[in-house]
Amino acid sequence: MFPINVYTGGVVENGQMGSTYSKPPAFTYPAQDSMTFDELRQLIFRQTGINEEKNNLSISARWNAGTAGPYWFVLMPITDENVWRMIVDNTISGYTKWNMVELFVDSIPKGASLGTTPTKTAVPCVPDIQPGPSQCSNQFTPVRNKRVKKNARREVKKTKRFDFVGANVANDSDKDNSGEEDEEEWQGEGEESDEDEEDLPLDFELPKYSARRSRDPPAPFFKDVPDMQSATADCQFSDGKGRPPEPVDSSLYVGRLFSSLDHLKWVVLDYHIRENRMVVTDRASTKIYVLKCEQWPNCRWRLSAVPTGDGVSFRIRFIRGPHSCSNQEVRKDHRNLSSNFIAQMIRNMVREKLDTSPKDIQEIVKKRYPFTLSYNKAWLAKQKAIAHLFGEWRESYTLLAPLFNAIQTSNPGTKVNWWSDSTADPKVRLLRGVSWAFAPAIEGFSHCRPVIGIDSAILSGKYGGKLLFVVAYDAEGQLLPLAFSIVETENDESWYWFMYWLRREVVGPRPLCVISDRQDYILRLFDQPDSGWCTGTGEAFHRYCSRYLCESFQAVFKKEELVDLVKWALKQNQPRKFQLGMTHILQANREACNWLMKVGTKPLEESAYHVWTQCEDGGRRYGIMTTNGPECLNTIFKGICELPITAMVELTFHKSAKYFAERKEAARKIQTDNQFWSNKITAILGLRNDKASKHEITGYHFGTSIHEVKTKIEMVNSRQKGGVKHVVRLDQRSCDCQKPQLTGIPCSHMLAICAFGSFDSSQFVDEAYSVGRLLGTWALQLHAFGSSEDWPEYTGIVYEPNGHNKKRGRRKRGKGSLGPVNRCSMCGQIGHNKKRCQRKIDYEGTSTSHTDVTEEGQVDIGLIQEG
């Protein structure tokens, strides 16, 4: 909400702060931010009593131009919704430094000429400015009379008075002046400046993409952690503060100030793109910057701007207008709508949302301008915006080693591993890969369960590549970002290099369970004796991610009912339930059952259920069924894959710092509540204790520690459930339901025995779930490494990107090429794919339903959910 003061019935006076009104306001109105221009007009008609049927309104706003000090007011005619919205937005945002809207209103009889100045002024205008109607809706340009002497122009400069007046030039086309005379007079006016503006050493070139860094964080997520305020992934871009004006004020008038040259260019281009006109740079020097219409000399529009005394901002000194060229030409694209221009427009949006897609950029441009942006230009604009925000891709490599050196200095124990090739210069190497693990993560992993998930993601930046990463799991089941690696490509060599370093430097020699997808180069890693991860020597236990397995199964067999059966079977704790699920899969589709039996098998093995089912896992995966890889990447390190390499490293650092701080605070709250187990385990134990109270103890043997528990018979969905007996062995911490063995958390049957025999049930919970372990996981914190000016001196090797790995766009099929050969993944034959495979069609056609099969391939899962 903002106040509106409406003045009418008086005259405009020019005082010490510019335009004022001779009478007090007719009324004051508290307006909502969403008020439209039509609603404003209706309000004025209603409050002033002006007859709407007989009169039009001439409305001007008292606008703080600030050219002569903090406050210098001029009149801005309001002719349409765009101008009104600009005034409201700038008032609300504080851009004008004036917290109200003041409107000067005159009524004009219908049929009379509607000028741009609504009221009579008590002080006459300066002689060299001719008021008149403007042909552009929101362009206000003063017009110089060529007959006025220079001392009159100097008087204008002395008074610092810049009125919003029309742009009537008495029709430039009617004048019979030569182009040479116009050029001389116009340039001389533009070069006029104050003494303190002489010979300013200003560079008018657009900022180069560089890896220069500032103390301002480039993205909001860097500000989430208090001790990370000095993030250093920024680069100078549009103006000194790194942000273009928002909302954009497209009005052009003599005396308007701009925070930088780029600000000036952006506003001028924005206006002309909206109006479907084009401008070009005519002159650029340390003393003047000139733009002119592309149709010059047929169209005489020109704008001249000069730097101010602060060495950064610019002021419009002269405008010749309006445009006499046509703007009716139909264009699919606009020359001024370049990728550099769009990069400035979307930069703040990219700050807020790193995963902004080119299609999102196309929609934004389409809403703002009457042109359709190509996908390639939108993609290029985003790349340039990222380069401006986070540094250019190639130069980013030169800062990589100094950055890691600074991180290791401020965080001792951080591990970094380089993989590179030599060059002719011994101090420069071509980077093939780099891996890193922060010290708090390395220490925190020693308090976690011996389970890790590995995954990869595609890097979509300039040089492409892959991001490999490792996650662990704390007592709450939350992800611990353990290690990262950036490599040129994902293959046997890169995974071996990364995992060998991970074993030697990060996780240590203890046996670990590794959960991953079924990519061949990952599978081969666990068969190599010297990798440190050989499953045959007991160094590691490899398990498959259930989600990837189900996706692979669905890609082959398609039917959702079969996929649901597989999901139900693989997560069962009891072997009899798993076998029941496999029986139903066999009855529905024999080929699907055979496919599952072959998953993960080695020579001479009939099946390898232990790599993808929970019941045969042996408790190695602690009930963790998926890698959570994409979820980890998208939620914790969102947008990382499109950034230059140094920005990627910094983002992993700052996000990890925030993540560790939040997790540590949450663990402390749990400790304050005097809990012994994490929240997740406490909740599970609570539910199982409630369930245990309903069980019946049918056999209790004090001497042997072997007990028998019978579950309560219940009706669930009109079906009888329960009444099953389970044998509990307290000395072995086991139950034939297998939940204690597989997850380390006692089941309801074991809790029932503990309650009956007055045993302490906490002794049967794995210590990895304790609050002490949770606190230990997040105890260490990451410490800021400061800005690049504060980094320790680095004199080591400098790394450069591999040129052949640079992304060169989408691969296209040549005219003479037949393209890739289609090979069926089901039967191995060439010439078709699995969708059209006759073998698959035959199997689907001959697969018939048996018991518990409602339709072909559709099984009622509810019939097998018992116990």
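Sequence positions are assigned chain by chain, starting from 1 and proceeding in written order. Side-chain atom pairs in this predicted model are given and counted only at pLDDT of 80 or more, local residue features only at pLDDT of at least 70, and totals for whole chains, interfaces and linings cover all residues. Note: side-chain values were computed over all heavy atoms of the structure, leaving out hydrogens and water.

If you check an unreviewed UniProt entry, the protein chain appears there as SWIM-type domain-containing protein from Rhynchospora breviuscula.

A. How the structure looks around a nonpolar patch on the surface. Taken together, Tyr-375, Trp-379 and Leu-380 make up a surface patch of nonpolar side chains, about 280 Å² in accessible area. The helix count covers DSSP runs of H or I at least four residues long, the strand count covers runs of E at least two residues long, and both are numbered beginning at the N terminus. By the element assignment, Tyr-375 lies in helix H8 (residues 375-390). Buried, partly exposed and exposed residues are distinguished by accessible area as a fraction of the type maximum, computed with a 1.4 Å probe on protein chains only: under 20%, between the cut-offs, and over 50%, respectively. We classify Tyr-375 as partly exposed; its relative accessible area is 38%. Candidate patch residues must exceed 30% relative accessible area and have no salt bridge, after which like charges are joined if within 9 Å and Val, Leu, Ile, Met, Phe, Trp or Tyr side chains if within 5 Å. Areas reported here follow the Shrake-Rupley algorithm with a probe of radius 1.4 Å; residue values treat only the protein chains shown as occluding. Whenever a carboxyl oxygen of Asp or Glu lies within 4 Å of a side-chain nitrogen of Lys or Arg, that contact is scored as a salt bridge.

B. Just the packing of aromatic side chains, in detail. What counts as a ring pair is set by centres within 6.5 Å for rings of Phe, Tyr and Trp (its six-membered ring), and what kind of pair is set by the plane angle: stacked under 30 degrees, edge-to-face over 60, tilted for all other angles. All chains considered together, the criterion is met by 25 aromatic pairs. A centroid spacing of 6.5 Å and a plane angle of 50° characterise the contact between Phe-2 and Trp-84, whose relative ring orientation is tilted. Here Trp-84 lies in helix H2 (residues 81-93) and Phe-2 lies in strand E1 (residues 2-8), a separation of 82 residues in the sequence. Judged on exposure class, the residue Phe-2 and its partner Trp-84 are both buried. Both rings, one in Trp-495 and one in Phe-498, keep their centres 6.0 Å apart while their planes meet at 55°; by these two values the pair is tilted. Of this pair, Trp-495 and Phe-498 both sit in helix H12 (residues 492-507), 3 residues apart, roughly one helical turn. Since its relative accessible area comes to 0%, Trp-495 is described here as buried. Following the ring pairs from residue to residue traces out a cluster consisting of Phe-404, Trp-418, Trp-436, Phe-484 and Tyr-799. Any Lys NZ or Arg CZ that is within 6 Å of a ring centre and within 35 degrees of that ring's normal is treated as a charge sitting over the ring. Looking at Arg-547, its charged tip hangs above the ring of Tyr-548, at a distance of 4.7 Å from the centre. Note that Arg-620 overlies the ring of Phe-541, its terminal NZ or CZ placed 3.9 Å from the centroid.

C. Focus on the pattern of salt bridges. One pass over the full model with this rule turns up 21 salt bridges. When the shortest N-O distance is used, the salt bridge between Asp-282 and Lys-292 registers 3.1 Å. With Asp-282 in strand E9 (residues 279-284) and Lys-292 in strand E10 (residues 289-293), the pair connects residues that are 10 residues apart, well separated along the chain. When salt bridges with common partners are traced through the structure, they connect Asp-421, Arg-432, Glu-488 and Glu-493 into a single cluster.

D. Seen up close, the state of the cysteines. Cysteine sulfur atoms that come within 2.5 Å of each other are treated as a disulfide pair. Going through the model one piece at a time under the given rule, you end up with 0 disulfides. In this structure Cys-325 is a free cysteine whose sulfur lies 3.7 Å from that of Cys-293, the closest cysteine sulfur available. With a relative accessible area of 14%, Cys-325 lands in the buried category.

E. Molecular detail of the sheet that holds strand E8 (residues 257-258). One requirement defines pairing of two strands: DSSP has to find at least two bridges between them. Reading across from one edge, E8-E12-E11-E10-E9 is the order of the 5 strands in this open sheet, with antiparallel pairing throughout. The open sheet has two edge strands with one neighbour each: E8 and E9. Bridge count for E8 against strand E12 (residues 314-320) is 2 bridges, and the pairing is antiparallel. If you follow Leu-257 over to E12, its bridge partner there is Arg-315. Residues count as neighbours in contact if any of their non-hydrogen atoms are within 4.5 Å of one another. The convention used is that axes are lines fitted to C-alpha atoms, helices contributing only their stretch in contact, and that angles between N-to-C directions extend from 0 to 180 degrees. Against the sheet, helix H5 (residues 261-274) touches E8, E9, E10, strand E11 (302-307) and E12, its axis set at about 10° to E10.

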